[in-house]
Amino acid sequence: MAHSAAATPWTKRPLRDLLEEPRTFVTIAEMATSRGLITDASSSKILGLARDLAEHPRFDALSITDNPGGHAMLSADTMGTDLMCRGQEVIIHLSCKDWNRNALESRCWMLASEGFRNVLALSGDYPAAGYHGQASPVFDIDSVGLLKLLSEMQGGLFFPGAVVSNYKRLEREVMPQYFKLGKKIQNGARFIINQIGYDARKMEELLAYMALRGWNVPVIANVFVLGAMAARYFHAGKIPGVIVTDDLLALVEKQAASADRGRAFFLEFAAKQCAIARGLGYRGIYLGGHLRLEDYEKILALLDAFAPNDWRDFAREIHFSQPGEFCYFEADPQTGLSSPEVNREYLRSKQDPPAAPAAYRANRQIHDLLFEEGCAGFNAGRALYQIVERSPKLARALHGAEHTLKILTHDCRDCGDCSLPEIAYLCPESQCAKNQRNGPCGGTHDGHCEVGDKECIWARAYDRLKAYGEEEQMLDGPVVFQNGALEGTSAWANAFLGRDHRGSKASSL
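Residues numbered from 1 in each chain as written. Predicted model: local features only at pLDDT ≥ 70, side-chain atom pairs only at ≥ 80, totals over all residues. Heavy atoms only, no water.

**Brief notes about the overall build of the protein chain**
The secondary structure content of the protein chain amounts to 19 helices and 15 strands. Its C-alpha atoms give the protein chain a radius of gyration of 24 Å, within 12% of the compact-globule value 23 Å for 509 residues. The burial tally for the protein chain puts 52% of its 509 residues in the buried class. As displayed, the protein chain offers around 22300 Å² of accessible surface, 54% of which is attributable to carbon and sulfur atoms. Put simply, the protein chain has 56 plus and 63 minus side-chain charges, and the middle of one group is 2 Å from the middle of the other. (Helix = DSSP H or I, 4+ residues; strand = E, 2+ residues; numbered from the N terminus. Rg over C-alpha atoms; globule rule 2.2 N^0.38 Å. Buried < 20%, exposed > 50% of the residue type's maximum accessible area, 1.4 Å probe, protein only. Areas by Shrake-Rupley, 256 points an atom, 1.4 Å probe, with all protein chains shown as cover. Lys, Arg positive; Asp, Glu negative; His and termini not counted. Charge placed at Lys NZ, Arg CZ, Asp CG, Glu CD.)

**A short note on unusual backbone geometry**
One non-glycine residue with positive phi stands out, namely Asn 67, at about 45°. By the secondary structure assignment, Asn 67 is in the loop between strand 3 (61–64) and helix 3 (76–84). Phi angles above zero are rare outside glycine, and Phe 139 is one such case at about 45°. In this structure, Phe 139 sits in the loop between strand 7 (133–134) and helix 5 (143–152). Since its relative accessible area comes to 3%, Phe 139 is described here as buried.

**Points about helix 3**
Restricting attention to buried positions, one finds in helix 3 the residues Ala 76, Asp 77, Met 79, Gly 80, Asp 82 and Leu 83. The inward-facing, buried residues of helix 3 abut strand 2 (24–31), helix 2 (41–54), strand 3, strand 4 (90–95) and helix 4 (101–113). (Contact = heavy atoms within 4.5 Å.)

**Quick word on the environment of His 290**
Mapping His 290 onto the fold places it in the loop between strand 11 (284–288) and helix 11 (293–305). Residue His 290 is classed as exposed on the basis of its relative accessible area of 71%.

**Things to note about the packing of helix 10 (residues 263–280) against helix 12 (residues 310–317)**
The N-to-C vectors of helix 10 and helix 12 enclose an angle of 115°; their axes lie 8 Å apart at closest approach. Considering how the two elements wind past one another, helix 10 and helix 12 form a crossing that is left-handed. Residue-level inspection shows Lys 272, Ala 275, Ile 276, Gly 279 and Leu 280 of helix 10 in contact with helix 12, the latter providing Trp 311, Phe 314, Ala 315 and Glu 317. Class assignment for the residues of the contact of helix 10 with helix 12 results in 6 nonpolar, 1 polar and 2 charged. (Axes fitted to C-alpha atoms, helices over the stretch in contact; angles between N-to-C directions. Left-handed = near helix turned anticlockwise from the far one by under 90°. Nonpolar A, V, L, I, M, F, W, Y, C, P; charged D, E, K, R; others polar.)

**Describing the pairing of strand 10 (residues 219–224)**
Taken across its 6 residues, strand 10 has 6 buried, putting it largely inside the fold. What you see with strand 10 is no split at all: Val 219, Ala 221 and Val 223 on one side and Ile 220, Asn 222 and Phe 224 on the other are buried throughout. Viewed along the sheet, the connection from strand 9 (residues 191–194) through helix 7 (residues 200–213) into strand 10 turns out right-handed. As judged from the 5 bridges shared by strand 10 and strand 11, these two strands associate in the parallel manner. Along strand 11, the bridge assignment pairs Asn 222 with Tyr 286. (Right-handed = clockwise from strand over helix to strand, strands pointing away. Pairing = 2+ DSSP bridges.)

In short, geometric facts, not functional conclusions.
Okay, structure coming up:
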């Protein structure tokens with residue numbers, strides 16, 4: 001596979017063009033901005049490194065984060081504008097945690113007007129401590145909704161990308177991540193970057209699963225260069241979705257005790273990950289970590305020096321899986337990677353899944369009788385609420401009764417635009433910290449939310465739907481955009497009268 005040839009400091013080719021060439025292997029570096037002005041010492045140091053990378057012919061794009069970890073940081077486009085003026089391709093991260101849909105749309109127009117084209121769409125990390133306390137999250141839409149927004153802006157302004165968290169331990173986490181990946185691709189993702197991880201088998205599984213589904217979208221491998229501090233941080237679960245196992249941490253600690261604090265080992269370890277990615281068929285590498293220019297150059301020099309098939313040995317070496325980790329495919333004992341055969345135990349579990357909770361079974365029956373559009377109950381409900389609409393007093397009484405019942409059964413927050421039927425009768429308003437209505441975010445660990453000690457509603461929904469053999473269709477519907485204008489109104493009236501997101505003509509596949 002060729003590198004992106006003919007690049008010079010002032011003629012970096014568009015990322016879109018490079019990824020349309022199947023044999024081109026791209027190199028991207030992630031730049032995390034800092035707090036404060038671009039002229040401050042910390043920001044100036046990062047900008048200096050970014051400028052050096054912009055003048056380096058091997059770096060095809062620089063990817064700039066958006067308030068990583070939920071902290072307030074310098075806006076990505078401040079550095080991005082400087083780099084674009086130097087002929088560098090830039091990927092701007094755009095997350096939904098701090099902006100509502102109007103602000104996101106406005107920001108997209110601004111980015112396009114300033115010449116940015118590559119955007120990485122993210123739901124975003126939950127906000128952390130900020131000015132005079134913790135900031136309130138927004139999450140008005142999510143990464144899927146943002147991708148749809150980007151893809152529908154006039155003239156194909158953007159080349160949008162997305163992220164997938166494929167290093168999950170449990171089936172109820174892994175499979176919804178894959179389903180959401182499909183939804184992201186369906187709604188405009190043109191390239192994919194996976195989450196940080198250190199398991200070659202899971203690296204291969206992602207590509208194999210995508211090939212099985214016919215998702216022909218370039219994937220770029222996330223390679224974060226470890227050090228002792230970063231490994232401890234990841235091992236402690238400080239970054240949702242990033243896993244450093246006990247065995248990997250022990251290896252890191254051993255190497256960190258050497259004279260160079262493990263620097264040579266960690267750079268070689270990263271180069272080996274890059275080689276695995278190239279050998280497996282990833283379309284490029286996405287390098288992150290606290291690195292100097294010479295560190296980047298060392299990784300690339302090592303990568304260039306490896307023999308074509310060395311990556312197979314590295315794949316057996318970099319295999320830090322979690323205890324009891326679910327894999328979609330059976331293992332290939334010869335390679336340490338995946339075989340073409342789907343996990344036999346997984347297939348058996350689909351034939352005889354555990355029964356769904358009684359409350360869920362009851363909700364399904366009620367929905368089929370009353371809320372399934374076209375059924376007799378739905379037609380009766382529509383007729384009833386057409387009459388109720390003429391009497392504000394009666395409407396308020398019925399709305400009060402509805403809300404009271406749904407508080408008791410679903411901890412309802414009276415959003416007026418209900419997604420209970422789409423999430424196996426689990427409320428995203430009250431039970432999901434990020435109000436995710438188009439699939440799970442990447443911030444779970446062992447099926448639990450990154451915010452508070454509670455189970456992810458999408459993992460629970462997967463279990464409930466699997467009992468009916470419907471889990472693979474859990475994200476098949478149109479993109480859900482919650483209508484804020486309906487807050488505090490009757491969700492039943494809105495459903496029967498076609499005012500909620502299911503009745504809106506704005507949502508489409």
